[in-house]
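Remarks on the overall topology
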Amino acid sequence: MGKVIAIANQKGGVGKTTTTINLAASLAALEFQTLIVDADPQANSTSGLGYNPKEIENSIYECMVEGVRPQDAIIQTDFPNLNLLPSHIDLVGAEIEMINLQNREDKMKNALDSIRDDYDFIIIDCSPSLGLITINSLTAADSVIIPVQCEYFALEGLGKLLNTIKIIQSRLNTQLAIEGILLTMYDLRVRLSNQVVGEVTSHFQQMVFSTIIPRNIRLSESPSFGVPALAQDADSKGAVSYLNLAREILAKNGLMPHEV
């Protein structure tokens, strides 16, 4: 049964979509069957892999609200071992449409349960909010990765997110674990970046991944080409960092990577 990992932080601009696409691509490159679930109405993971959200017929929205089978919405990407369950702007309305439904927090879990055996990893790109879609994502997940950017307001809102995770652990998903806190947008030349790394590491200790994601032009520009950084420039610092993160997650889960 595949492991479901949500990438979550209600703060925008911390690298959730970049992490989703590049971590998933790295796991796929290491020969693990991987699915990206785009659970953000902005559909950046969908467009970042080269698909126009406006042309998507079935998305995670239809799976959650209308009961469409995920198998009928999943796209086989151009990258070996990597599939996509896309998003659509309609997902914005899903929270309102689901508000009166029974077990509304379980809609994504119910959808993903039918395909978990088809994948080694399912990576969910959460929206920058703590609304019903993100709660669905965390209820469906086995663990959560929290990206934190190496900038001034790095820890802002982190307490609120951790509190939300505790509530979900106590009420909706007792098995939810924190896979790790991921430091992103690190710039070696900026003293503040080093201060944030020190602050987050001393505060959260073992919860912080050893791998730190640097600021990197390939990570920034690859979505405009509709590819992960690994496909654009496998030797770039960004691509190498996400490969290292994938290896770290595999080791943490007792799995051996198939080397690329």
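Residues numbered from 1 in each chain as written. Predicted model: local features only at pLDDT ≥ 70, side-chain atom pairs only at ≥ 80, totals over all residues. Heavy atoms only, no water.

An unreviewed UniProt entry annotates the chain as ParA family protein of Spirosoma agri.

Observations concerning helix α8 (residues 191-204)
Between its first and last C-alpha atoms α8 spans 20 Å; for 14 residues at 1.5 Å apiece the expected length is 20 Å, and the two agree. Among the residues of α8, S193, V196, V197, V200 and F204 are the ones counted as buried. One side of α8 holds all its buried residues, which, seen down the axis, span an arc of 100°. Exposed residues pointing more than 90 degrees away from the buried face of α8 are listed as R191 and S202. If you follow the buried residues of α8, they end up packed against β6 (143-149), α7 (158-171) and β7 (177-184). Positioned one or two residues after α8, Q205 has a phi angle of 50°, which is positive. (Helix = DSSP H or I, 4+ residues; strand = E, 2+ residues; numbered from the N terminus. Expected span 1.5 Å × (residues − 1). Buried < 20%, exposed > 50% of the residue type's maximum accessible area, 1.4 Å probe, protein only. Arc of directions from axis to C-beta. Contact = heavy atoms within 4.5 Å.)

Considerations on the packing of helix α1 (residues 16-29) against helix α11 (residues 237-252)
Contact geometry of α1 with α11 gives a least axis separation of 8 Å together with a crossing angle of 70°. On the basis of their axis angle, the class for α1 and α11 is roughly perpendicular. Crossing handedness for the pair α1 and α11: right-handed. Residues T18, T19, N22, L23, S26 and L27 of α1 touch α11, and the partners they reach there are A239, Y242, L243, L245, A246, I249 and L250. (Axes fitted to C-alpha atoms, helices over the stretch in contact; angles between N-to-C directions. Parallel < 35°, antiparallel > 145°, perpendicular 65-115°, else oblique. Left-handed = near helix turned anticlockwise from the far one by under 90°.)

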